[in-house]
Amino acid sequence: MGRIGLFDLENHFAFYGAYHSNPVNIFIHTLFVWPILFTSLVLLYFTPSLLNFPAGVYHGFLFNFGFVFTVIYALYYVGLDIKAGSLAALLCFLCWVGASVLASRLGFSLAWKVVLAAQLFCWTGQFIGHGVFEKRAPALLDNLVQAFLMAPFFVLLEVLQTAFGYEPYPGFHANVKEKIEANIKEWQEEKQKKQS
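Bear in mind that the values here come from a model prediction, so they are computed numbers and not experimental data.

What counts and what doesn't
Residues numbered from 1 in each chain as written. Predicted model: local features only at pLDDT ≥ 70, side-chain atom pairs only at ≥ 80, totals over all residues. Heavy atoms only, no water. Helix = DSSP H or I, 4+ residues; strand = E, 2+ residues; numbered from the N terminus. Buried < 20%, exposed > 50% of the residue type's maximum accessible area, 1.4 Å probe, protein only. 1 Å grid on protein atoms, 1.4 Å probe; cavity = no way out; pocket = protein on both sides within 12 Å on 5 of 7 lines; lining within 4 Å. Points joined across faces, edges and corners; volume = space filled by probe spheres on them. Nonpolar A, V, L, I, M, F, W, Y, C, P; charged D, E, K, R; others polar. Core = buried A, V, L, I, M, F, W, Y, C linked by side-chain atoms within 4.5 Å. Contact = heavy atoms within 4.5 Å.

A. Layout of unusual backbone geometry. Despite not being glycine, Lys135 has its phi angle at roughly 60°, a positive value. Looking at the secondary structure, you find Lys135 in the loop between helix 5 (108–134) and helix 6 (144–164). On the basis of relative accessible area, Lys135 is assigned to the exposed category, the value being 54%.

B. Quick peek at the layout of surface pockets. Quantified by volume, the largest pocket comes out at close to 400 Å³. Lining the largest pocket are 24 residues, with Ile36, Tyr73, Trp123, Phe148 and Ala151 sitting closest to its centre. Listing elements by their share of the lining of the largest pocket, those giving two or more residues are helix 2 (23–44), helix 3 (65–80), helix 5 and helix 6. It is helix 2 that provides the largest number of residues to the lining of the largest pocket, a total of 7 residues. In the lining of the largest pocket, the residues fall into 18 nonpolar, 6 polar and no charged. Only helix 1 (9–18), helix 6 and helix 7 (172–195) provide two or more residues apiece to the lining of the second largest pocket. Here the residues of the lining of the second largest pocket are counted per class, giving 6 nonpolar, 6 polar and 3 charged.

C. Region of interest: the nonpolar core. The biggest cluster of nonpolar side chains holds 44 residues, and the ones touching the most others in it are Leu9, Tyr16, Tyr77, Leu80, Met150, Phe153 and Leu157. Going through the elements one at a time, helix 1, helix 2, helix 3, helix 4 (82–106), helix 5, helix 6 and helix 7 are the ones with two or more residues in this core. Tallying contributions element by element places helix 6 first for this core, with 10 residues. Once residues lying within four places of it in the same chain are set aside, the contact partners of Met150 are Leu9, His12, Phe13, Tyr16, Tyr76 and Leu80.

Here is the structure:
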């Protein structure tokens, strides 16, 4: 709808959607994408604080790389779509708060083990979703940054669309569906050329 490049939600969503068209794979991603973000923030809690508070002022939250990533994700999502982006931004900040509380209670020696186990479990589930159900390599193999940045928002938009019929603007899903189908068709044609 007039946006280009980094803020072209339609093209980003179509790119990501072309790798996530199988309902089982979409469900797997719905379950595992946000926990990956959350556990990443748990680990980032242990990065150095970028802002030092005066002595005696400690609230348990560190303004570190976890906070910076949260702000970047939140602002980007709001820039993509004000309504769903605001909800995504709120979820990002809730993840940051929850991750900070969990990390401060666990301490680094236990937190990294919890993060490792959760990340392995979630990533394994997603790769199974792609290999067994989608039968297509994950989007991150073609565009790592876009895949990591868009995954949480893609999952949220999928849930909002499925549960509430939400569209960022009229015709969004029809346009995206058309682009996804074209992308999948192109991928299948390339795949057949390589096989013959």
